[in-house]
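Residue strings, one per chain:
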Amino acid sequence: MARLTENTTTYVTNAWPGVRFKAFFTVVSAPDTGKLSLIVDTAYLPPGTAEAMLRGVENLLVRALTEEVPIAAVPEVCGIGPYDERLRTAGSPGADRSR
């Protein structure tokens, strides 16, 4: 897997006016490479969380190129914990999520 990610680069663009979503992934492929992008609203997702999400999805895509990845293994491959159902009611930043 390291060979497939040795040329990974990341960069940050400061602003994209008019964005109306909290997180948006795109994947573009070519015969010898691929491009995975993540655009986030940093009012909802801090840059460190966004980068962790991007790298987690990269790990999943690269692993899926070389082996079968059972759905139960996705959280571990992406470097996240098990799904917490309480988070599905998440609202705006600072919202009370204890419901």
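Anyway, here's the lowdown on the structure attached to this text.

What counts and how
Residues numbered from 1 in each chain as written. Predicted model: local features only at pLDDT ≥ 70, side-chain atom pairs only at ≥ 80, totals over all residues. Heavy atoms only, no water. Salt bridge = Lys/Arg side-chain N within 4 Å of Asp/Glu carboxyl O. Helix = DSSP H or I, 4+ residues; strand = E, 2+ residues; numbered from the N terminus. Buried < 20%, exposed > 50% of the residue type's maximum accessible area, 1.4 Å probe, protein only. Expected span 1.5 Å × (residues − 1). Contact = heavy atoms within 4.5 Å. Pairing = 2+ DSSP bridges. 1 Å grid on protein atoms, 1.4 Å probe; cavity = no way out; pocket = protein on both sides within 12 Å on 5 of 7 lines; lining within 4 Å. Points joined across faces, edges and corners; volume = space filled by probe spheres on them. Nonpolar A, V, L, I, M, F, W, Y, C, P; charged D, E, K, R; others polar.

1. A short note on the pattern of salt bridges
1) Next: Scanning the model with the defined rule gives two salt bridges in all.
2) Next: The salt bridge involving Arg55 is made with Glu51; its shortest N-O contact spans 3.2 Å. In this pair, Arg55 and Glu51 both sit in helix α2 (residues 47-66), four residues apart, roughly one turn of the helix.
3) Next: Of the residues examined, Arg55 reaches a relative accessible area of 34% and is grouped as partly exposed.

2. Overview of α2
For an α-helix, the turn length of 3.6 residues means that residues three or four places apart are oriented alike.
1) Next: Along its 20 residues, α2 runs 29 Å from first to last C-alpha, staying within 8% of the 28 Å computed at 1.5 Å per residue.
2) Next: Turning to α2, its buried residues number three or more, namely Ala50, Leu54, Gly56, Glu58 and Val62.
3) Next: Buried residues along α2 sit against α1 (2-5), β1 (23-30), β2 (33-40) and α3 (74-78).

3. Here's the deal with the pairing of β1
Side-chain direction in a regular strand flips from residue to residue, so the side chains alternate between the two faces of the sheet.
1) Next: In terms of strand pairing, β1 meets β2 through eight bridges, oriented antiparallel. When the sheet's bridge partners are listed, Thr26 is paired in β2 with Ser37.
2) Next: Hairpin connection, β1 to β2: the antiparallel pair is bridged by two residues.

4. Looking at the layout of surface pockets
1) Next: Reported here for the largest pocket is a volume of approximately 1500 Å³.
2) Next: Lining the largest pocket are 38 residues, with Thr9, Leu36, Ser37, Leu38 and Leu54 sitting closest to its centre.
3) Next: At nine residues, α2 tops the list of elements feeding residues into the lining of the largest pocket.
4) Next: Partitioning the lining of the largest pocket into residue classes produces 19 nonpolar, 12 polar and seven charged.

It is worth stressing that arrangement in space is one thing and function is another; only the former is reported here.
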